[in-house]
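Summary of structural features
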Amino acid sequence: MAFVTLATTDSYCMGATVVARSLRRHGTTRGIVVMVTPNVSQQSRLALESVFDEVIMVDVMDSEDRLHLALLGRPELGITFTKIHCWTLTQYSKCVFLDADTLVLCNVDELFERDELSAAPDPGWPDCFNSGVFVLRPSLHTHTGLMDHALQHGSFDGNARLHYVSQGRLEIVHFLGPVKPWSSSSQRDDGSSHATEQFATLWWKEYLSHTTPLVCYSPSSPGQ
Ligand code: UDP
Ligand code: MN
């Protein structure tokens, strides 16, 4: 059984790092794996290898020709399809998928006691579940079914800023929406709530917590 996240770009790798660190901080006993695509830089991949148990390379476009063709006309589905890839991780009997823009606030290993498919309601679409955190049982049969369904019906998105995944208390924060904690300040608007800012600060603390500087540079060091 393992926690799984996904990063298809170097910036989402920053998020994935925080997912793994926050899970470890709260003493998870499960494996932590990340799926990455080939365009992720080697530097980011090495950084992920230092914090994840397993870094799994997946290809956005490695599916059958039928899917390939359909995807060419629906490029926005590429990431969605990559996320569905977690159902191919059949070396695990059960997985908890966490978006790379989540921050774990306590031990959430009890999520593995839940069955496929468990998830929290979406704050913008309460009659739908939010796909930022969910419990699944990897299965190639389910994977094919989901790929077919996604091709036929596509997907749609909510647009809230923060999503708390909790059973009674706050356990996981999901920074959903276009602005992420690692987004540049020019992308931020002044409308972000106090809670959003507080959790973004916590996110940065986690991101920087184990980072050792690659170069120690002191402009005023003697003898230079
Ligand atoms: N993702 C990614 N690269 C992208 C977009 C998304 O790797 O360019 C992954 C990442 O794990 C991310 C998840 O897909 O957390 C879902 O996207 P996002 O969190 O941006 O959507 P939101 O939760 O804001 O709807
Ligand atoms: Mn998300």
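As shown above, the structure is provided for reference.
Throughout what follows, the structure given in this document is the object of discussion. As the structure is a prediction and not an experimental result, all values here were calculated from the model.

The rules we used
- Residues numbered from 1 in each chain as written.
- Chains lettered and ligands numbered in written order.
- Predicted model: local features only at pLDDT ≥ 70, side-chain atom pairs only at ≥ 80, totals over all residues.
- Helix = DSSP H or I, 4+ residues; strand = E, 2+ residues; numbered from the N terminus.
- Buried ≥ 20, exposed ≤ 12 C-beta atoms within 10 Å, placed from the backbone.
- Contact = placed C-beta atoms within 7 Å.
- Pairing = 2+ DSSP bridges.
- Axes fitted to C-alpha atoms, helices over the stretch in contact; angles between N-to-C directions.
- Parallel < 35°, antiparallel > 145°, perpendicular 65-115°, else oblique.
- Nonpolar A, V, L, I, M, F, W, Y, C, P; charged D, E, K, R; others polar.
- Near = placed C-beta within 6 Å.

Summing up its helical and strand segments, the protein has six helices and nine strands in all. Counting all 224 residues of the protein, 30% fall into the buried class. The contacts in the protein between residues at least 6 apart in sequence include a share of 67% that link residues at least 24 apart.

In this section: the sheet that holds strand β1 (residues 2-7). Here six strands make up an open sheet; going across it, the order is β3-β2-β1-β4-β7-β6 and the pairing mixed. For this open sheet the edge positions go to β3 (54-57) and β6 (118-121), each flanked by a neighbour on one side alone. The mean inter-strand angle of the sheet, taken between neighbouring strand axes irrespective of direction, is 25°. Judged from the four bridges that link them, strand β2 (residues 31-36) and β3 form a sheet pairing that is parallel. The residue bridging Val-33 from the neighbouring strand is Glu-54, located in β3.

On to unusual backbone geometry. Trans peptide bonds make up most of the peptide bonds, and negative phi angles are found at most residues other than glycine. Backbone torsion omega between Glu-116 and Leu-117 reads -10°, so that peptide bond is classified as cis. Assignment of secondary structure puts Leu-117 in the loop between β5 (102-104) and β6.

With that out of the way, let us pick up the packing of helix α1 (residues 10-25) against helix α6 (residues 194-208). Two numbers describe how α1 lies on α6: the axes approach to 9 Å, and their chain directions differ by 85°. Overall, the two elements α1 and α6 adopt an arrangement that is roughly perpendicular. Residues Met-14, Thr-17, Val-18, Arg-21 and Ser-22 of α1 form the contact with α6, whose own contacting residues are Trp-203, Glu-206 and Tyr-207. Per-class residue counts for the contact of α1 with α6 are four nonpolar, two polar and two charged.

This next bit is on the site of ligand 1. In the neighbourhood of ligand 1, 15 residues make up the surrounding shell, with Thr-8, Tyr-12, Asp-99, Ala-100 and Leu-176 lying closest. Sorting the residues of the shell around ligand 1 by element identifies β1 and α4 (77-84) as the ones contributing at least two each. Residue composition of the shell around ligand 1, grouped by class: six nonpolar, five polar and four charged.

It is worth spelling out the packing of α1 against helix α2 (residues 42-49) at this point. For the pair α1 and α2, interaxial distance at closest approach is 10 Å and the crossing angle is 10°. Overall, the two elements α1 and α2 adopt an arrangement that is roughly parallel. Residues Asp-10, Cys-13, Ala-16 and Thr-17 of α1 lie in contact with α2, whose contacting residues are Ser-44, Ala-47 and Leu-48.

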